[in-house]
Every structure is written in C-alpha cells, then in structure tokens.
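Residue-level listing of the chains:
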Amino acid sequence: MKEQLEAIRKCALESIGAAQDTAALEGGRVGCRGGGGERSGMLKRVGEVSPEERPAMGQLANAVRADLEQALEQRGRELDAQALEQRLKDEALDITIPGKRVKLGRRHPMYIALDEIKEIFISMGFTVLDGPEVELAEYNFDKLNAPEGHPSRDWSDTFYFDSDSRVMLRSQTSPMQVRAMETMELPIRIIAPGRVYRKDEVDATHSPMFHQVEGMVIDKGVTMADLKGTLNTVVEMLYGKGTKTRFRPHHFPFTEPSCEMDVQCHKCGGVGCPTCKGEGWIELLGAGMIHPKVLQMSGIDPEVYSGWAFGIGLERTAMRRFKIADLRLIFENDVRFLEQF
Ligand code: DAH
C-alpha cells in the first residue's frame, strides 16, 4: 500500500514537472491518478488496510495529495508566467519603426474649374442640376428644335443604342434645358454640368467623352442684355476684373438669336500670340435667347416668358485656366500630372 502511494506520488510529480502547457498539466493530473491512482481511490484503499496501519496510511495519502496539489499549483503558475512572457514577446510592437506615409489625393484640375463655375452661379441664385447621360433623342434633339434630318443627328457623330435612333448617349448638356422646363416651376435659373459623348477621334483637343456645363434662365422680360450682363460678370469672376469679352453671331437650333462669346487673350492682351493662334481672342462658350419654339414645345408660353441659355466646354475651360496644352492629360490620370494642382 505504502509503495503504491509512493509510486503515484513519483509518477504524478514527474508528469507535473514535465508538463509544457496547461493542457498537459491537466493530462498529468488525470493520467497518473487514473488506474487506481485517483484521490478517492487512494482513500478507499486506505479503508482496506488493517486497523493498525490505517492512521499511518491515511496520513501518507493526505500528504501525497497535498504534495500533488502544491506541485500542480506551482507548475501552473510557472506555465502561466511562461505563456505571458511568450505573448509579450510575440506581440511586441516596435514603436520606433517609421510609419507608412499616406499619400493624399488632390482635386482634379477639371473639378477645380467646375467648382469655381458652380460657386459663381450658386452665388447668383442658380440651382445645380444633374441629369442622365443615356438620353432620349427626343430631349437631345427634337425638343431642342433639331428635327429628323438635322445634321447634328447623324450616325457618324452620335452614339445611338438602337437602330431607330431614339436612345443615345447625350451629345450635349442642352437636353437638361428641356428636363428643367418640364419639371421646374417658373422662373427658372439652373446650371447642369455633366459628361457628353460624340464620335470624335482622340487627339490634343478632342475626346469621345468630354464635359459641358449648361446654363439657362427663364423669366418674364428676360432679354439679350441679361445674357450679356450675367456672362460678363461670370467671366470677370473667373478671369479677373476688367477682362474683355466679345459676342459674335452664330447659329444653334435651339436659340434665336445665337452667339458665341470670346474672352480677350490673357497671354497677349489681344495683340495676337500662339495661345490665341494670333486672334487676340479665345472662344469660350455658345449662348443665345431660347427659341420660342423650344419654350412652346415644353409648355411655356413664349408670349409671356423669355429666356437665355449657354453651354460651355469644361475641359477647355480647365485647359485655359491651368495652361494645359493637351486634352489627353486631363483623362490619363497620371499622378505626376495631377500632383501639380
Ligand atoms: N449645346 C451646344 C453645343 O454642344 C452649346 C450651346 C450653345 C448650349 C448655345 C446652349 C446655347 O445652351 O444656348 O455645342
């Protein structure tokens, strides 16, 4: 009996000492005490020995049990400390390693130009509208007084989705005039920036996708003087006080009369230089008084209301503003280019 208890003590102390983690420690607890070595087993066995031996055996069994508990507790503490040590090592942070620099993006030059334009018109009480790029020919052409057969509707210029030429990628932002007239209360003052599409080959000044900003005012008693006064003010806000402009007659189907507006070349002051191709003036936008038929087609009485409109190319505005020579730079997203703004 005594030998058995001593054997249990030895085996258990060994396995406790050898345990490399808490799981193994638990294993050792069960392993050695099992097979007749459990505490209850030990005490039961004490009951089996002769009455003379019983007190001594009972004492021994208690002592073995106390030894094992103590060894378990101690090894447990050691293993916990080891595990903590290891975790501190594994999870150590070297706060002296330099951090990774986050590269900040910038606003695209074209959007800088657009934001300036928006700001100016918002300050004048205009609302900014957004509209579909996939448009009905009805809005892009018919209701803008460019009926079937009009040269601007040609397949060679326009991206159509169907063989009937009814659905298309808008070729101008002008259909937003119609959408505004159909949905908004009068009087109307809006600008509508967005993408437009034409079947153009890519070169330094052309792209099949580019941006325009449409503008429109409709109210009672609106005249060409309002058009000129407003656009001259806008140009002075964009290019500085005293910037000279000129209006040339032109033709657009949806305006009558129609005009183009030029600004005096900022480079040469109107004398003529490579920037303005010797002209002294740079073409800025198309504009005009909204054609009475256009008002009528959208349900506005041209006898009561009149209006003016304009369309401006955004890339060209940005190119002039930042002296960018090639349109392609605006779309290529080369960081070396974009970082300059
Ligand atoms: N939509 C014309 C174009 O793409 C530009 C334009 C001219 C817009 C005159 C207008 C306008 O609103 O009145 O060439």
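Only a predicted model underlies this, so the values are computations on that prediction, with no experimental measurement involved.

A.B. asks: Tell me what's going on with the domain arrangement of the chain, and back it up with residues and numbers.
C.D. replies: For the chain, the assigned domains read domain 1 (2–90) and domain 2 (109–338). On a C-alpha basis, the centroid separation for the pair domain 1 and domain 2 is 91 Å.

A.B. asks: Could you give me a rundown of the sheet that holds strand β4 (residues 188–197), with the residues and numbers involved?
C.D. replies: Strands in a sheet are paired, the pairing made by backbone hydrogen bonds, and the direction either parallel or antiparallel. The sheet built from seven strands is open, its strands ordered β1-β4-β5-β9-β8-β7-β6 with mixed pairing. Either end of the sheet is taken by a strand with one partner, and the two such strands are β1 (127–128) and β6 (245–252).

A.B. asks: Please give an account of the site of the ligand that cites residues and values.
C.D. replies: Taken together, 15 residues form the shell around the ligand, and within it Q172, Q177, R198, Q212 and E214 come nearest. Take S174: an N or O atom from its side chain is 2.9 Å from a nitrogen atom of the ligand. Side-chain polar atom of R198 to an oxygen atom of the ligand: 2.8 Å apart, as the coordinates give it. Of all the elements in the fold, those that place two or more residues in the shell around the ligand are β5 (209–219), β8 (281–290) and β9 (306–313).

A.B. asks: Describe the pattern of salt bridges, listing the residues and the values that go with them.
C.D. replies: Counted according to the given criterion, the structure contains 24 salt bridges. For the salt bridge of E182 with K143, the shortest nitrogen-to-oxygen distance reads 2.7 Å. Residue E182 is located in helix α7 (residues 175–183), and its partner K143 is located in the loop between α6 (137–140) and β3 (167–169); the two are separated by 39 residues in the primary sequence. The exposure class assigned to E182 is partly exposed, which follows from its relative accessible area of 34%. With its nearest N and O atoms 3.2 Å apart, the salt bridge here joins R166 to E148. Linking R166 in the loop between α6 and β3 with E148 in the loop between α6 and β3, this pair joins segments that are 18 residues apart in sequence. Residue classification places R166 among the partly exposed positions, given a relative accessible area of 29%. Residue classification places E148 among the exposed residues on the basis of a relative accessible area of 60%.

A.B. asks: I'd like a description of helix α1 (residues 2–18), backed by residues and values.
C.D. replies: Here α1 is 17 residues long and its end C-alpha atoms lie 24 Å apart, about the 24 Å a rise of 1.5 Å per residue gives. Residues L5, I8, R9, A12 and I16 constitute the buried set of α1. Along α1, the residues classed as buried sweep out an arc of 100° about the axis, all on the same side. Along α1, the residues that are exposed and aim more than 90 degrees away from the buried face are E3, K10 and E14.

A.B. asks: Go over the packing of aromatic side chains, please, and point to the residues and values.
C.D. replies: Scanning the entire structure with this criterion turns up seven aromatic pairs. Ring geometry for F252 against F254: centres 5.9 Å apart, planes inclined by 20°, an arrangement best described as stacked. Judged by its relative accessible area of 10%, F254 is buried. Through a chain of ring-to-ring contacts, the aromatic side chains of F121, F126, W308 and F310 assemble into a single cluster. The ring of Y139 has K143 lying over it, and the distance from NZ or CZ to the ring centre is 5.3 Å.

Parameters and conventions
- Residues numbered from 1 in each chain as written.
- Predicted model: local features only at pLDDT ≥ 70, side-chain atom pairs only at ≥ 80, totals over all residues.
- Heavy atoms only, no water.
- Domains from an automatic or database assignment.
- Pairing = 2+ DSSP bridges.
- Helix = DSSP H or I, 4+ residues; strand = E, 2+ residues; numbered from the N terminus.
- Near = heavy atom within 4 Å.
- Polar contact = N/O pair within 3.5 Å; in protein donor to acceptor, adjacent residues only side chain to side chain.
- Salt bridge = Lys/Arg side-chain N within 4 Å of Asp/Glu carboxyl O.
- Buried < 20%, exposed > 50% of the residue type's maximum accessible area, 1.4 Å probe, protein only.
- Expected span 1.5 Å × (residues − 1).
- Arc of directions from axis to C-beta.
- Phe/Tyr/Trp six-rings, centres within 6.5 Å; stacked < 30°, edge-to-face > 60°.
- Lys NZ or Arg CZ within 6 Å of the ring centre and 35° of its normal.

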